[in-house]
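Read off the chains here:
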Amino acid sequence: MAGIVQKSFDSADETRPFEDGKGRLDLVNGERGAVGRAVFEPGWQWSKHVKPIAGTDSCMASHVGYIVSGRMKVVMDDGETVEFGAGDFMEVKPGHDAWVLGDEPCMALDWVGFVDYAQPSGS
């Protein structure tokens, strides 16, 4: 592999749309794995727009990432709750629901949990 690699999320290696046109996940693949950029549109909620794709009761991805813009609320299966906004680092374990807060899309970068995100379970 070359000493320097440049890729753009605007011409991602893979794009996965969410249900009802409520956003998408763009993936770029590198030597050390994939990095994802998700755009969650206002009104997006994991349990409505990704659960039908994933086929699990809650999001089972582990996320380590950064919120670029917008706001999102995450509620763990045990009831723990946090709100993330632009500029926030996030680390979220499996077993949660999440939704966009407000009228602005939420854009997030994730270098751990988006590899298998928004795919049928077992894929």
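Residues numbered from 1 in each chain as written. Predicted model: local features only at pLDDT ≥ 70, side-chain atom pairs only at ≥ 80, totals over all residues. Heavy atoms only, no water.

## Points about the sheet that holds strand β4 (residues 63–69)
Strand order in the open sheet formed by six strands is β1-β2-β3-β9-β4-β7, and the pairing between neighbours is antiparallel. Here the strands that pair on one side only, and so sit at the sheet edges, are β1 (14–17) and β7 (89–92). Geometrically, the sheet is characterised by an average inter-axis angle of 25° between neighbouring strands, direction not taken into account. As defined by bridge partners, β4 adjoins strand β9 (residues 106–110) across four bridges and the pair is classed as antiparallel. Bridge assignment links I67 to a residue of β9, and that residue is A108. (Pairing = 2+ DSSP bridges. Helix = DSSP H or I, 4+ residues; strand = E, 2+ residues; numbered from the N terminus. Axes fitted to C-alpha atoms, helices over the stretch in contact; angles between N-to-C directions.)

## Here's the deal with the pairing of β4
Each regular strand shows side chains that alternate between the opposite faces of the sheet. Counted residue by residue, β4 has five buried out of seven residues, so it is predominantly covered. Pairing between β4 and β7: four bridges, direction antiparallel. Bridged to H63 within β7 is V92. (Buried < 20%, exposed > 50% of the residue type's maximum accessible area, 1.4 Å probe, protein only.)

## Quick notes on the pattern of salt bridges
This model, assessed by the stated rule, comprises six salt bridges. The partner of R37 in a salt bridge is D10, and the shortest N-O contact between them spans 3.3 Å. With R37 in strand β3 (residues 33–40) and D10 in the segment before β1, the pair connects residues that are 27 residues apart, well separated along the chain. A relative accessible area of 68% places D10 in the exposed class. With its nearest N and O atoms 2.8 Å apart, the salt bridge here joins E14 to R16. Beyond isolated ion pairs, a larger network of salt bridges with shared partners links D10, R24, D26 and R37. (Salt bridge = Lys/Arg side-chain N within 4 Å of Asp/Glu carboxyl O.)

## Structural notes on the UniProt feature "domain: Cupin type-2" (unreviewed entry) in the protein chain
If you check UniProt for "domain: Cupin type-2" (unreviewed entry), the listed places come out as residues 63–111 in our numbering. Along residues 63–111 one finds 0% helix and 67% strand; the C-alpha atoms at either end are 8 Å apart. (UniProt positions renumbered as here; feature names shortened; annotations may be inferred.)

## Focus on the nonpolar core
With 26 residues, the main nonpolar core has F18, F40, W44 and Y117 as its most contacted residues. Excluding its chain neighbours within four sequence positions, the residues that come into contact with F18 are G23, R24, L25, A38, V39, F40, W44, H49, V50, I53, Y117 and A118. (Core = buried A, V, L, I, M, F, W, Y, C linked by side-chain atoms within 4.5 Å. Contact = heavy atoms within 4.5 Å.)

## Some thoughts on the side chain of D97
Along the chain, the position of D97 falls in strand β8 (residues 96–101). It turns out D97 is buried and unbridged, and the closest side chain with the opposite charge, K51, is 8.0 Å from it. A distance of 2.9 Å separates polar atoms of two side chains, one belonging to D97 and the other to Q45. (Lys, Arg positive; Asp, Glu negative; His and termini not counted. Polar contact = N/O pair within 3.5 Å; in protein donor to acceptor, adjacent residues only side chain to side chain.)

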